[in-house]
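Structural overview
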Amino acid sequence: MRENLQVAGGRPLGAGHGSLAFGVPGSVPGTIFALSVTGGITVRPREGRTIVFGRNRPEVHVCVGENDRRISRHHGLLTHHLDHWWVHNTGRLPVRFPGSRLLFADDEPVPLTTGYTPLFLRGSSGREHLLELYVAGPDGQPPASQHGDPTQPPRTWKLSPTEKLLLVVLGQRYLMHEAYPQPLSWRQAAEHLAELQPDAGWTAKRVEHDVVDVRTRLSKGGVPGLTRDEVGEPVGNTLNHNLIRELMESTTLVPPDLRVLDA
């Protein structure tokens, strides 16, 4: 461990330390825990304190990807500034946040929220190196255990039978777990629906109109990424991609819904 962090109140976490996803001990609010497979460190908050992570074990506080030369020797920094811990990328490859957000070396640093944040560094041969982070919240305590509490169900979205059929057709490649799915085009969806319901008057324009209605309703319900103003141009398939992902993640659409296509 670097001498400056020893003086500033840092202490090591052993390689056998359990995953930070399970929470951390009661700590001073703002204390950060950083952990890789080979160990890590915990540091109390103070302006300017910095943790270095990367491949070069003798010169970093948290060693990540020690035997993988795709990982930079000094791949990034965790710096405490203005009551937040910030992630800086100083390496050659991006750091991936949850939700597939990528942080590049030239990007502005990203502040961490309280609680658990996993970061991923993509190495050679498809390897993914995990850096777990946990920032203690205002009360300095981990979340209370809820072993016996009822499971909170996901928020599903109400769809009419016609809307559900339409969206299963539109998003069938996602429900089939294809590797790189894309929504069907308006024309493709209309042709497929016309095969299923020859007398229903399906056209590309009707498909577009009905899907836009669903996107608008979900957007008003708080789902991000469903309007042109949010996504910007060129839109491409992004709005429908985001719609289908939300419907699947909320379990509004599930793979067994593909049975309607057997008709």
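Residues numbered from 1 in each chain as written. Predicted model: local features only at pLDDT ≥ 70, side-chain atom pairs only at ≥ 80, totals over all residues. Heavy atoms only, no water.

**Some details on the nonpolar core**
Formed by 28 residues in total, the largest nonpolar core has its most connected members in L167, V207, L218, L243 and L253. Elements supplying a minimum of two residues to this core: α2 (161-170), α3 (172-175), α4 (186-196), α5 (204-220) and α7 (238-249). Sorting elements by how many residues they give to this core places α2 first, with 6 residues. Listed in part, the 22 residues of the second largest apolar core include I71, W85, L112 and L133. (Core = buried A, V, L, I, M, F, W, Y, C linked by side-chain atoms within 4.5 Å. Buried < 20%, exposed > 50% of the residue type's maximum accessible area, 1.4 Å probe, protein only. Helix = DSSP H or I, 4+ residues; strand = E, 2+ residues; numbered from the N terminus.)

**As for the environment of G10**
Positionally, G10 belongs in the loop between α1 (3-7) and β1 (11-13). A C-alpha to C-alpha distance of 13 Å links G10 and T79, two positions 69 residues apart in sequence.

**Focus on the pairing of strand β3 (residues 39-43)**
Among the 5 residues of β3, 5 are classified as buried, and the element is accordingly described as predominantly covered. By the alternation rule, side chains of β3 split into G39, I41 and V43 and G40 and T42, which are all buried. Sheet analysis places β1 next to β3, joined by 3 bridges and oriented antiparallel. Counterpart to P12 in the pairing with β3 is I41. (Pairing = 2+ DSSP bridges.)

**With respect to the confidence of the model for the protein**
Per-residue confidence for the protein gives a mean pLDDT of 90; residues scoring 70 or more make up 92%. Low confidence marks residues 1-5, where pLDDT is under 50. Its contacts with residues over four positions away, or in another chain, come to 17 contacts. (pLDDT = per-residue confidence, 0-100. Contact = heavy atoms within 4.5 Å.)

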